[in-house]
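Here is what each chain is made of, one letter per residue.
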Amino acid sequence: MSGSAALAVAGAAAANAAFALTLAPLLDGVERKVRARVQRRVGPPVLQTWYDLIKLYRRGFFGLRGCGPFHRAAPALAMGAAVTASAILPTVTGFGAGFAGDLIVLIYLMASVSTITALGAASSGSPYGVVGGWREASLSMASELALAAALAAIACGRGSLLLSSLFPAVRLGAGFRPSSVVAVAAVALVAYADGLRLPFEIPEAEEELAEGVAVEYGGAALALLKHATLVRRLLLTSLLLNLAFPWGWASPVVRAAAFTASLTLESVLCSLTESVCGRGRPAYVMRLLKRVTLASGVALIAACFGF
Amino acid sequence: MSAYNQLPTNVMDLVFILPVLLCIASAITSALLKRGLAARALISALTSVASATMVGVAVARLAFGIEIRLSLSVRPAYGNSPIPWPLSSVSFAVDGLSAFFTLMLGLVSLAASIYSFSYLEGIEKEYGLRSFGPNYSLFIALMYLVLTTQDLFWFIVFWELMTLASQFLVSVEHRRGAAVRAGLKYFTLTKVLAEFMIAGGIAVMILGLPKPVTSFQGVALSLHALALSRPAVAVTAVSLMLAGLAVKVSLIPLHSWLPDAHPEAPSNVSALLSGVMVKIGIYMMFRLLLYFLRPSLGFGAAVACVGAATLVYGTFMALKQVDSKRLLAYHSVGQLGYVALGLGACVTLLSTSPPHPVLAAVAGFASLYHALNHSAFKSLLFLTAGSVERVTGLRNLNLLGGLGRAMPLTAASALIGSLAISGVPPLNGFVSKWLLYASTLTAGGFLTACGFAALFISAVTTASFIKYYTTLFGRPSRVRLSGVREVPAPMLAGQAILAGACVALGLAPTLAWRAAAPALTSLGLPTSALSPAPLLGLRVPGVALNSPLLIAALMLPTAAAAAALLKGRLAGGVWGCGATPPPERMAPPASSYYEFFEHEFPWVYRVGEALHHAFVEAPSKALPKLLKGLQNRFETPSPMAGALGYVLAALALGLTIAFAAGVIRP
């Protein structure tokens, strides 16, 4: 790679990361507004999540010593993993895809966010944190089951794991594979579930577990944890958008605008769904995700037979 | 009658023999000294130097291409040889494949031997070192000989001796009933199935060519001839050999000895058992399926599918465990499933029409790389579990907890090991799993389905290690633990070596690629399959790309920047809804972690148990009453049982070797 090309890739990656970090709390603000409107409330301002984060960031670390140093380091590491993932996945710029890794690297980085969160929470010494941690781990196991089958179906069809050859997964015309449509639908469901939305929002579960994984975090640590979770949610939606639709046709500015609009639309749809759901019991959530796996399993079997 | 040994003639030959000599010296001195600081120091020092020499021998081959060859034979000046032929000569060569596995052995045994110096105190006080010392030293030496011999007959001999030494090591704490039972179960299962391997091996050695052959090259020719002349016999022989190897690799349904034997052994031995010995079966499978035999779709697919089944069942069983070392042992079963899947995929991809040599090489490399990585992180985890057991006297994850503050260095090592086996980037488990997915998911057909299972099980592994790490070091303990402090420096050093290996093998996959390339070349796989990516990364052109160092370069500075925000106060204790209950009442037990997840997949457990019952328990019920009686005798631990065990095992072994030597006549 020549020097200027490397610089352009680095710039695009930085832009993607900055975009994800900025937009994720904004989208959360939009969702809170939508939910409030459905419930006939005025709701907080769209920037409210950002205001909260800024307030918390300025407080520094505030919390207990925990059982060992990992409790304190976890939110920072989770943020590191989330930012790295957002640099690899094309979001606002379609460019810079996969300079450091392919789809598997991306999936693993996103999964590490929840792994690190769960480890940190369970190292706090709080029983709520421990329960939140194991719920987080269980949720990621169950959603990985559905996601792995869907991604295997897509990768099998393309014969590659590189982001540039996988995006978009659904291709019309000669390269059309019916299995890819089912697989992308399954990815959509997993993106919803793994984005910790109701009824899947079991690790934090404010009413039951008093914030679960975040219970013993305060100040900047809590902000980092929340921010990383929101970034991860945005990345899951972005992965879905990249898989479902072609984005190569647009000029950079149009692409950036269209992508942002799509993310916002998806957020609105998700928050509308959320506002009619209650939180599921863990066993119910596992069963629900197992059913999603049926869909992606069908896609996988079809893909294995070349459809 | 004058017989002369053809003595090693140059320096490299001496270097090759040195580890064996050092281990023998360690065995003799420890048997003589029995106990005391000097005995411990001698065992530790001699086996450490031996292991370092093994690493040297391996690196000489892998980095500088120096291939040591050594033949020893007893040749009479005149008349007939006093020793019949297969026993009278033995040849060794450190080729690419041998060197790769020798590197693995050297690395783990170096760490375990350094660790032993302090760890052995407990065993020394209670049991003395007369049984442990010789068996430990000879076990290491025999693994080295198994890996380097180029002769199938001697492979079998050394293999059997290695099994024998390891059996004694498993039940070295002979006053504990569980240890004796586990050793016996291990020995019975591996011994019975090793007879299959011996039968298959003998068939291959004597049936293919007009004259029996024992060298690896000869065996390859012989098997090829046999496959052409009598294919059914060839298939049977290879299947028998695979069954004998599979029990050592602990592939389902022959896995059941491992979760008993590995936890009951002392932890430095568990590290060697899980880290190295089980992989020696993989080593021979590589030779058998890719060197002796032309790539065969049937065997490749069988190994891949059994591997996939093993990784699912092993890891699901691990999820349920509440004994720290038993959990690790079940994960060894699961991780060896990954290794076997890589090997099976490699063979399958070579034997399809048209063959896919590039993906096959990637799968073969993934298998070798994961085997090496597993040696690093699983041995590390066993050593840290041993440290915890040493300090607290407990292995029960339901009770243990909160050790992170008293044992920060051990906790850090265990965390590195846990993250590595979970595949958190940029540590080593992540890279080898990635290669496995790259070769299986894109291959199509049943390999994609196997790759899907591997990808899913990776999440289960992660969950299991979240439990493992947090119950040991994270959440508070459920019993009062007193006198908990960090373990002595030699134990920390042993852990640090392996933790360093986990990080280095993760950040620089090109290092592993360099190490494995000679092995792949010696098996006829193309080394052009992978090309370098930015910053020591790897690329499978057009298929996959991974640059762990670049990921680390992005992730760690970001995390450091984020951590800069975390300066500030520590305040208060854990929130307990207003009350302040004692910490041990605030800790949920390990068994409750994934209950509702396990409940959703009851069939995984049922199918695994049914397979095990059909292949192992039902046949073993048909064992003669005599054997049953013997087994019952062993179950009550007594000095007599131990001595009887030695005699019987040695007898069984001697008979086997004599039989093999008797059948293979020139």
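Residues numbered from 1 in each chain as written. Chains lettered and ligands numbered in written order. Predicted model: local features only at pLDDT ≥ 70, side-chain atom pairs only at ≥ 80, totals over all residues.

Colleague: Where do I start with the overall build of chain A in this structure?
Modeller: In terms of regular secondary structure, chain A is built from 11 helices and 1 strand. The order of helices and strands in chain A, counted from the N terminus, is α-α-β-α-α-α-α-α-α-α-α-α. In summary, chain A has a C-alpha radius of gyration of 19 Å against a globular reference of 19 Å for 307 residues, a match within 12%. Considered along the principal axes of its C-alpha atoms, chain A spans approximately 55 × 45 × 45 Å. Residues classed as buried in chain A amount to 62% of the 307 residues present. Across chain A, contacts joining residues at least 24 apart in sequence account for 81% of those joining residues at least 6 apart. (Helix = DSSP H or I, 4+ residues; strand = E, 2+ residues; numbered from the N terminus. Rg over C-alpha atoms; globule rule 2.2 N^0.38 Å. Buried ≥ 20, exposed ≤ 12 C-beta atoms within 10 Å, placed from the backbone. Contact = placed C-beta atoms within 7 Å.)

Colleague: Can you help me understand the overall build of chain B in this one?
Modeller: The number of helices and strands found in chain B is 24 helices and 7 strands. A globule of 666 residues ought to have a C-alpha radius of gyration of about 26 Å, and chain B, at 25 Å, matches this closely. Taken along its principal axes, the extent of the C-alpha atoms in chain B is 90 × 60 × 55 Å. By the burial criterion, 60% of the 666 residues in chain B qualify as buried.

Colleague: Which parts of the structure should I look at to understand the interface of chain A and chain B?
Modeller: Frequently, the measure chosen for interface size is the accessible area that the parts lose on association. Listed per partner, the contact involves 74 residues of chain A and 73 residues of chain B. Of all elements in the fold, only β1 (61-63), α3 (70-88), α4 (103-122), α5 (127-158), α9 (219-244) and α11 (282-304) of chain A reach the threshold of two or more residues within the side of chain A that touches chain B. Classifying every residue of the side of chain A that touches chain B by side-chain character gives 48 nonpolar, 19 polar and 7 charged. (Nonpolar A, V, L, I, M, F, W, Y, C, P; charged D, E, K, R; others polar.)

Colleague: What is the right way to look at the sheet that holds strand β6 (residues 544-546) of chain B in this model?
Modeller: Hydrogen bonds along the backbone pair up the strands of a sheet, which may run parallel or antiparallel. Residue and element names in this part refer to chain B. If you trace the 3 strands from one edge of the open sheet to the other, you get β4-β5-β6, paired in antiparallel fashion. Lying at the two open borders of the sheet, with one neighbouring strand each, are β4 (531-533) and β6. Averaged over all pairs of adjacent strands, the angle between their axes in this sheet comes to 25 degrees, without regard to strand direction. Pairing of strand β5 (residues 537-540) with β6 involves 3 bridges; the strand directions are antiparallel. Bridge pairing in β6 places Arg539 opposite Leu545. (Pairing = 2+ DSSP bridges. Axes fitted to C-alpha atoms, helices over the stretch in contact; angles between N-to-C directions.)

Colleague: Can you help me understand helix α16 (residues 428-441) of chain B in this one?
Modeller: One full turn of an α-helix is made of 3.6 residues, so residues set three or four places apart face in the same direction. In a regular helix each residue adds 1.5 Å, so 14 residues correspond to 20 Å; α16 of chain B covers 20 Å between its end C-alpha atoms and thus fits that length. α16 of chain B sits mainly inside the fold: 14 of its 14 residues count as buried. (Expected span 1.5 Å × (residues − 1).)

Colleague: Help me out: how do you make sense of the domain arrangement of chain B in this one?
Modeller: All names here are of chain B. Per the domain assignment, the segments of chain B are domain 1 (1-168), domain 2 (173-264 + 625-666) and domain 3 (294-478 + 486-558 + 582-622). Opposite the 17 residues of domain 1 that make contact, domain 2 presents 21 residues. Breaking the side of domain 1 that touches domain 2 down by element, the ones donating at least two residues are α3 (85-88), α4 (96-127) and α6 (152-170). By residue number, the principal contributor to the side of domain 1 that touches domain 2 is α6, which donates 8 residues. Residues that form the side of domain 1 that touches domain 2 fall into these classes: 11 nonpolar, 4 polar and 2 charged. (Domains from an automatic or database assignment.)

Colleague: Even after reading the chapter, I still don't get the packing of α9 of chain A against helix α10 (residues 252-274) of chain A, so can you show me in this structure?
Modeller: Two measures define how a pair of helices packs: the angle their axes make with one another and the distance between the axes. All names here are of chain A. At a closest axis distance of 10 Å, the pairing of α9 and α10 adopts a crossing angle of 115 degrees. Taken together, the axes of α9 and α10 lie roughly perpendicular to each other. Relative to α10, the crossing made by α9 is right-handed. In this structure, α9 contributes Leu234, Thr237, Ser238 and Leu241 to the contact, and α10 contributes Phe259, Ser262, Leu263 and Glu266. The residue inventory of the contact of α9 with α10, partitioned by class, reads 4 nonpolar, 3 polar and 1 charged. (Parallel < 35°, antiparallel > 145°, perpendicular 65-115°, else oblique. Left-handed = near helix turned anticlockwise from the far one by under 90°.)

Colleague: Would you explain the environment of Cys450 of chain B in this entry?
Modeller: Residue and element names in this part refer to chain B. Locating Cys450 in the fold gives a position in helix α17 (residues 446-474). Distance in space between the C-alpha atoms of Cys450 and Ile24 is 44 Å, their sequence separation being 426 residues. If we ignore the near neighbours within four places in the chain, the residues touching Cys450 are Ala304, Cys305, Ala308, Leu341 and Thr440.

Colleague: Even after reading the chapter, I still don't get unusual backbone geometry, so can you show me in this structure?
Modeller: Negative phi characterises most residues that are not glycine, and trans characterises most peptide bonds. A cis amide bond links Ser353 of chain B with the next residue in sequence, Pro354 of chain B, at an omega value of -5 degrees. Mapped onto the elements of the fold, Pro354 of chain B is located in the loop between α13 (324-351) and α14 (357-392). The omega angle of the peptide bond from Pro425 of chain B to Pro426 of chain B is 0 degrees, so this bond is cis rather than trans. One can find Pro426 of chain B in the loop between α15 (408-422) and α16. A positive phi angle is found at Leu196 of chain A, which is not glycine, with a value near 55 degrees.

Colleague: I tried to follow the nonpolar core on my own but got confused; where do I start?
Modeller: For soluble globular proteins, nonpolar side chains are generally found buried alongside one another. By size, the foremost hydrophobic cluster in this structure holds 367 residues, and its most contacted members are Ala150 of chain A together with Met143 of chain B. No other element matches α5 of chain A, which puts 20 residues into this core. (Core = buried A, V, L, I, M, F, W, Y, C linked by C-beta atoms within 7 Å.)

Colleague: Is there a simple way to think about the pairing of β5 of chain B in this case?
Modeller: Residue and element names in this part refer to chain B. Of the pairings in the sheet, the one linking β4 to β5 comprises 3 bridges and is antiparallel in character. Bridge pairing links Ala533 to Gly537 in β5. Between the antiparallel neighbours β4 and β5 lie 3 residues, among them Leu535 with a positive phi of about 55 degrees. Between β5 and the antiparallel strand that follows it, β6, lie 3 residues; Gly542 among them carries a positive phi value of about 80 degrees.

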